[in-house]
Protein chains: 2
Amino acid sequence: MRFEAITIKDIAKALGLSTSTVSRALRDSYEISPETKQKVIAYAKENNYRPNPIALSLKEKRSSSIGVIVSEIANSFFSQAINGIESIANEKGYNVIIAQSKEELEREDSALQYLASRSVDGILLSVSSRTSNFDHIKKLYDRGMPMVSFDCLVDFEGIHKVMVDNIKAAYEGTEHLINKGFKNIACIASSSFLSITTERVKGYTAALHKYNQPIQTNNIEYIPHGGLIQEEIYEAMDRLMNQKEKPDAILACSDRITTNVMRYCQNKKINIPKQLGLIGFSNLDLTDLLTPSLSVVRQPAYEMGRAAADLLIKMLESKRAITEFENVVIPSTLIERDSSMQIKL
Amino acid sequence: MRFEAITIKDIAKALGLSTSTVSRALRDSYEISPETKQKVIAYAKENNYRPNPIALSLKEKRSSSIGVIVSEIANSFFSQAINGIESIANEKGYNVIIAQSKEELEREDSALQYLASRSVDGILLSVSSRTSNFDHIKKLYDRGMPMVSFDCLVDFEGIHKVMVDNIKAAYEGTEHLINKGFKNIACIASSSFLSITTERVKGYTAALHKYNQPIQTNNIEYIPHGGLIQEEIYEAMDRLMNQKEKPDAILACSDRITTNVMRYCQNKKINIPKQLGLIGFSNLDLTDLLTPSLSVVRQPAYEMGRAAADLLIKMLESKRAITEFENVVIPSTLIERDSSMQIKL
DNA sequence: TTGTATGCGTTATCAT
DNA sequence: ATGATAACGCATACAA
């Protein structure tokens, strides 16, 4: 037996009315008599009637659903962001369709095509770390697909953005290490062409500059796949640690980079923070247990998800010109560990 | 400007053909002349034509989408499971709509109604820890909605399940603690009426029995919200630690419970494993860094997601009787820490 | 106040 | 080999 939902037609037949009368009664139209209305609503309720959203979509040319493209769901930052997106979407009666780019350009593009063809009303996009060219995105945007770029940003005229103040976040993280007495701080970041990377590196160098520490280009490592591939981070660490003047601390500029730098240190038996200082961007749930070795820059993932979904849905539902909407910048949080809070492992 | 996709009608008009000819040409029907076919396909490709899945759904009475209900997306176990679900769905041309129950019965029920009304072809469900009664689920199932229950299981006649061998997992975890020399092992689990709970507790008691350790009911704590609420775990720990004969080790039966037991120990400055042994079910990405204090039972979340999605889609696409499909049991993994691999924190 | 007809995009059935 | 028409479920312009 196939699952069959009750339709307006069924109600009409059962009550000896026409479908339009039923439709109008259910939408509480003024043209319908109270008695009929009541009868229809009672029957609908009794039989658990729900309008078929597919038929509605076809008619209204909108699906009340928004698409989300992230690099990977199983990444705390994004699962928290999706959580935020979901909460807003739920409130406003939208549903969420999720697609993953897995940090690959082709997958990102096909996800984009897929969502467009699924008739989503709009798209929330955090680009993959391999996306150096935004043409495929701009093309869809120019065809009229509403979009909001969040976290890993797309940059072209008109597109709306929800972001954190990455410069400040990286600046504060670096400053924290400097204040702890580290003198030769390296930085591992994602792809060099991404805004989140250039901004975080900018914050890093700004802090070094402010505290009169030398800025060495061989102390900055860029990771092609944004940390998805462990080996790439290990290789970067190898390069850094094999320098003549090897760094005494690391600024790890993403969730995955942070985790894998810690793994590297564990494998190589490098003591954090005695042999190597570390501060990382991280949203993992357990980071608070890794005190006092790890101070983290926490990205407000949930809040970003909410802000991005809120902005997109406002754009969708407003008649105002799209240019009237403003980008959103959300502050990140530096979580400093107190050594006295140490868990004895 | 609103995003408008190209339709068969547009192609027909542009090429001076009828919609049915275009439709047939695109589906490579034998009745269409090669020239026409070629012309249509070329035009479609050039203009990036994609069939409108909404119209298709309305016609076919199927949406090529499956619904997933989990307690929370931002929980590593579920985000990994969703990852697995997504991978299978992608392969087979389905899309995934996700809903969260937040461990609340009403939210679970409304998610169920929502997905049914969204015309999903089937549902993957991990029940909330507050679901002691399956009537709302069975009702939908009996109306013909294909379902697969995974992880937190639903149990009624006919429903298909994808699960881990919880008894074995908990047995091995407990055995591990016993082998380390712990003599008074307590157990913190989720709601008492859930199969995952009863099975894990069964594995726990079986191990104690096997090694001739006393089984004390006040050494078993049940958490109403499955660990979503930190206080509930703290209270359980308080009760355990305030007993006259307080336990020397804990078996934590879920991801959230494990994390929060660790947090509790950190706050109370309880040394793991010197003052208190701990083994927990955990899927967090960072657990491998918490050596050697924490051996974990790792749930094969990704594999479960894949197995569940695979089973559901096979059920959807097969003409065979639903009873012919078999439940899937997936083994969990015990990850024992080697003290020599200690990260110096 | 209610009913009839149309269209959203697609395919299947029936013409031609 | 191609075209016209109906149907999926719904909302609505138009008729009565």
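Above this note sits the structure.
As the structure is a prediction and not an experimental result, all values here were calculated from the model.

Participant: Even after reading the chapter, I still don't get the sheet that holds strand S9 (residues 277-281) of chain B, so can you show me in this structure?
Facilitator: Each strand in a sheet pairs with its neighbour through backbone hydrogen bonds, running either in the same direction (parallel) or in the opposite one (antiparallel). Residue and element names in this part refer to chain B. The strand order across the open sheet formed by six strands is S7-S6-S8-S9-S10-S12, and the pairing between neighbours is mixed. Since the sheet does not close on itself, it has two edges, and those belong to strand S7 (220-222) and strand S12 (333-335), each with one partner. With direction set aside, neighbouring strand axes in the sheet form an average angle of 15°. Both strand S10 (residues 295-298) and S12 contribute to a ladder of three bridges, which runs antiparallel.

Participant: For this particular structure, what's the right way to read the environment of proline 247 of chain A?
Facilitator: Residue and element names in this part refer to chain A. Positionally, proline 247 belongs in the loop between helix H10 (230-241) and strand S8 (249-252). Taking C-alpha positions, proline 247 is 57 Å from serine 57, a pair spaced 190 residues apart along the chain. If near-sequence neighbours (up to four positions away) are discounted, proline 247 is found in contact with Asn184, Ala186, Asn219, Leu240 and Leu276.

Participant: It is not clear to me how helix H3 (residues 34-46) of chain B should be interpreted in this structure. Could you clarify?
Facilitator: Helical geometry note: an α-helix holds 3.6 residues per turn, so side chains three or four residues apart project in the same direction. Residue and element names in this part refer to chain B. In a regular helix each residue adds 1.5 Å, so 13 residues correspond to 18 Å; H3 covers 18 Å between its end C-alpha atoms and thus fits that length. Among all positions in H3, only Thr36, Lys37, Val40 and Ala44 are buried. The buried residues of H3 occupy one face: seen down the axis, they fall within an arc of 100°. Opposite the packed face of H3, turned more than 90 degrees from it, sit the exposed residues Pro34, Glu35, Gln38, Lys45 and Glu46. As for H3, its buried residues are in contact with helix H1 (8-15) and helix H2 (19-26). Immediately beyond the C-terminal end of H3, within one or two residues, lies asparagine 48, with a positive phi of roughly 55°.

Participant: Quick question: what am I supposed to make of the pattern of salt bridges here?
Facilitator: Pairing of side chains with opposite charge becomes possible as their charged atoms draw close. Residues and elements named next belong to chain A. A complete count under the given rule lists 26 salt bridges over all chains for this structure. A salt bridge links aspartate 142 to lysine 138; the nearest nitrogen and oxygen atoms lie 2.8 Å apart. Of this pair, aspartate 142 and lysine 138 both sit in helix H7 (residues 135-142), four residues apart, roughly one helical turn. Each of the salt bridges in this network shares a partner with another, and the network as a whole consists of Glu72, Lys102 and Arg256.

Participant: How do you make sense of the protein's contact with DNA strand C when you look at a structure like this?
Facilitator: Residues in contact with DNA strand C amount to 27 residues; listed here are only the nearest, Ser20, Thr21 and Arg24 of chain A together with Ile8 and Tyr49 of chain B. In DNA strand C, atoms within 4 Å of the protein come 63% from sugar and phosphate. Here a phosphate oxygen of DNA strand C and a backbone polar atom of isoleucine 8 of chain B are 2.6 Å apart. Note that a phosphate oxygen of DNA strand C is positioned 2.9 Å from one of the side-chain N or O atoms of arginine 27 of chain B. Counting residues per element, the ones that place at least two in the surface near DNA strand C are helix H2 (19-26) and helix H4 (53-60) of chain A together with H1, H2 and helix H4 (53-60) of chain B.

Participant: What is the right way to read H2 of chain A from this model?
Facilitator: Residue and element names in this part refer to chain A. Residues of H2 that are buried: Thr21, Val22 and Ala25. Buried residues of H2, viewed axially, fall in a sector of 100°; they line one side. Where H2 is buried, its residues touch helix H1 (8-15) and helix H3 (34-46). Of the residues one or two after H2, aspartate 28 is the one with positive phi, at around 60°.

Participant: What exactly am I supposed to notice about the protein's contact with DNA strand D here?
Facilitator: Close to DNA strand D lie 28 residues; Ile8 and Tyr49 of chain A together with Thr21, Arg24 and Thr36 of chain B are nearest. Backbone atoms, meaning sugar and phosphate, make up 61% of the atoms of DNA strand D lying within 4 Å of the protein. The contact in question runs from a phosphate oxygen of DNA strand D to an N or O atom on the side chain of serine 23 of chain A, over 3.0 Å. A distance of 3.5 Å separates a phosphate oxygen of DNA strand D from a polar atom in the backbone of tyrosine 30 of chain B. For the surface near DNA strand D, the elements supplying multiple residues, two or more each, are H1, H2 and H4 of chain A together with H2 and H4 of chain B. Of the residues forming the surface near DNA strand D, the biggest block, four residues, is contributed by H4 of chain A. For the surface near DNA strand D, the class distribution of residues is nine nonpolar, 10 polar and nine charged.

Participant: Help me understand the pairing of strand S3 (residues 122-125) of chain A in this model?
Facilitator: For a regular strand, the rule is simple: side chains alternate between the two faces of the sheet. Residues and elements named next belong to chain A. Residues Gly122 and Leu124 of S3 are buried on one face, and the alternating residues Ile123 and Leu125, pointing to the opposite face, are buried as well. Sheet topology places strand S1 (residues 65-70) next to S3; four bridges connect them, and they run parallel. Residue pairing across strands places valine 68 opposite leucine 124, the latter belonging to S3. Sheet analysis places S3 next to strand S4 (residues 147-150), joined by three bridges and oriented parallel. Considered in S4, the bridge of leucine 125 is made with serine 149. Note on the crossover from S3 through H7 to S4: the handedness is right-handed.

Rules of the game
Residues numbered from 1 in each chain as written. Chains lettered and ligands numbered in written order. Predicted model: local features only at pLDDT ≥ 70, side-chain atom pairs only at ≥ 80, totals over all residues. Heavy atoms only, no water. Pairing = 2+ DSSP bridges. Helix = DSSP H or I, 4+ residues; strand = E, 2+ residues; numbered from the N terminus. Axes fitted to C-alpha atoms, helices over the stretch in contact; angles between N-to-C directions. Contact = heavy atoms within 4.5 Å. Expected span 1.5 Å × (residues − 1). Buried < 20%, exposed > 50% of the residue type's maximum accessible area, 1.4 Å probe, protein only. Arc of directions from axis to C-beta. Salt bridge = Lys/Arg side-chain N within 4 Å of Asp/Glu carboxyl O. Near = heavy atom within 4 Å. Polar contact = N/O pair within 3.5 Å; in protein donor to acceptor, adjacent residues only side chain to side chain. Nonpolar A, V, L, I, M, F, W, Y, C, P; charged D, E, K, R; others polar. Right-handed = clockwise from strand over helix to strand, strands pointing away.

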